[in-house]
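# Fold and geometry: a report
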Amino acid sequence: MALFPFCKTPTDFLHGRKGTASGKSPHPIFHALGMDRGGEMTVVKPAVPQTPMETPWGAPLVWGGTRNSAWRRAKFAQQGIRTGLLTLVVGTYSHFVRRFLSSAETYFLPGQMVTYYILTDSPHSLDPPIELGPERELKVVPVAELPGWDRLAHRRMALLADAIKEPISSEVEYIFCADVDQEFVAPVGQEILGDLVATLHPELYGMPRNTFPYEVEEVSSACVEEDEGDYYYTSELYGGLVSDMYRLARACSLLILEDQANGVVARGLEESYLNRYLIDHRPTCVLSPEYSWWDSALAADVPVQRLVSLGRQCESYDKKAREQHKC
């Protein structure tokens, strides 16, 4: 459910991301780097380590194939933890839900206790029920129909906060929120667990700070000053302890309501408020772009693609390709 789609018009070379120049409206990244003035340009930026293990404030930066991740999996495996995976399924996005759940059954916390929470206005989209493995369960939370992206963007954090308050808080220890138009394609294990977990945006990982599409309008509650921010996080996957996630969702929903009352719309919608919150409350665990990826000229190279956004991928397809890939 890509709330902040990016224009796919890269220049010749951007941090290992290749493409062809285009005369169409450039991506904000190119404007920030001064590449929107015409002509060809080759940019070579200082290389960053492909697998840095830690953030500047000391939180683990998770790559699934490292020894540190193996240690984290072993640490959590014996604790008998039940984790929730929540997704919002409304309108036409109902056709993604079975693919999402089937892939999660294969790759999301395999062999562990998981409860899927489906917030939906179309419970029939889950008929017939998907067969789940041992210690896995699915719960449907009905929500009113939310037509239009603007209304959905204003309501999703509030829906998440309400669902965590009742029933999620009494049923699981950790809860992760994921867009339904995604597919798990490789194991996502206990290495992702933490008090407050955010995922790096694959098109902005390793890019200069001035390319991050933070909200810059001072009238918005999501505004980020020039000297703030370490990373830009995607809203495709984030999570943590239920108590920490409730605080996040509640705070973001209040900021959204405040802006809505003042007639203000943040440039990245929900993602802008998420990034504002994560600047003020730094994540205790940061997931690499392995855990949110799609095929894009701007996407960072990763050792393993683990969670792929079908929605963002479909944006680049023509009609025939969309049908072929069941977009």
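Our subject is the structure listed above.
Predicted, not measured: the structure shown is a model, and the values here were computed from it.

### Notes on the pairing of strand 4 (residues 82-89)
Of all eight residues in strand 4, eight are buried, a share of seventy percent or more. Where strand 4 lies against strand 5 (residues 113-120), eight bridges are found, and the strand directions are parallel. Considered in strand 5, the bridge of Leu-85 is made with Tyr-116. A crossover connection joins strand 4 to the parallel strand 5 through helix 3 (residues 97-107); in handedness this β-α-β unit is right-handed. Bridge count between strand 4 and strand 7 (residues 174-178): four bridges; the pairing is parallel. If you follow Gly-84 over to strand 7, its bridge partner there is Ile-175.

### Considerations on the sheet that holds strand 3 (residues 61-62)
Read across the open sheet, the eight strands follow the order 3-11-9-10-7-4-5-6; overall the sheet is mixed. For this open sheet the edge positions go to strand 3 and strand 6 (136-142), each flanked by a neighbour on one side alone. With respect to the sheet, helix 6 (residues 270-280) is in contact with strand 9 (196-200) and strand 10 (233-241), its orientation differing from that of strand 10 by roughly 50°.

### Brief notes about the packing of aromatic side chains
This model, assessed by the stated rule, comprises ten aromatic pairs. Relative to Tyr-231, the ring of Trp-57 lies with its centre 5.9 Å away and its plane at 65°, an arrangement referred to as edge-to-face. Of this pair, Trp-57 sits in the loop between helix 1 (28-32) and strand 3 while Tyr-231 sits in the loop between strand 9 and strand 10, placing them 174 residues apart in sequence. Taking the relative accessible area as the measure of exposure, Trp-57 reaches 23% and is therefore partly exposed. Residue class for Tyr-231 comes out buried when judged on its relative accessible area of 15%.

Criteria and thresholds
Residues numbered from 1 in each chain as written. Predicted model: local features only at pLDDT ≥ 70, side-chain atom pairs only at ≥ 80, totals over all residues. Heavy atoms only, no water. Buried < 20%, exposed > 50% of the residue type's maximum accessible area, 1.4 Å probe, protein only. Helix = DSSP H or I, 4+ residues; strand = E, 2+ residues; numbered from the N terminus. Pairing = 2+ DSSP bridges. Right-handed = clockwise from strand over helix to strand, strands pointing away. Contact = heavy atoms within 4.5 Å. Axes fitted to C-alpha atoms, helices over the stretch in contact; angles between N-to-C directions. Phe/Tyr/Trp six-rings, centres within 6.5 Å; stacked < 30°, edge-to-face > 60°.

Limitation: the analysis is restricted to geometry and does not speak to function.
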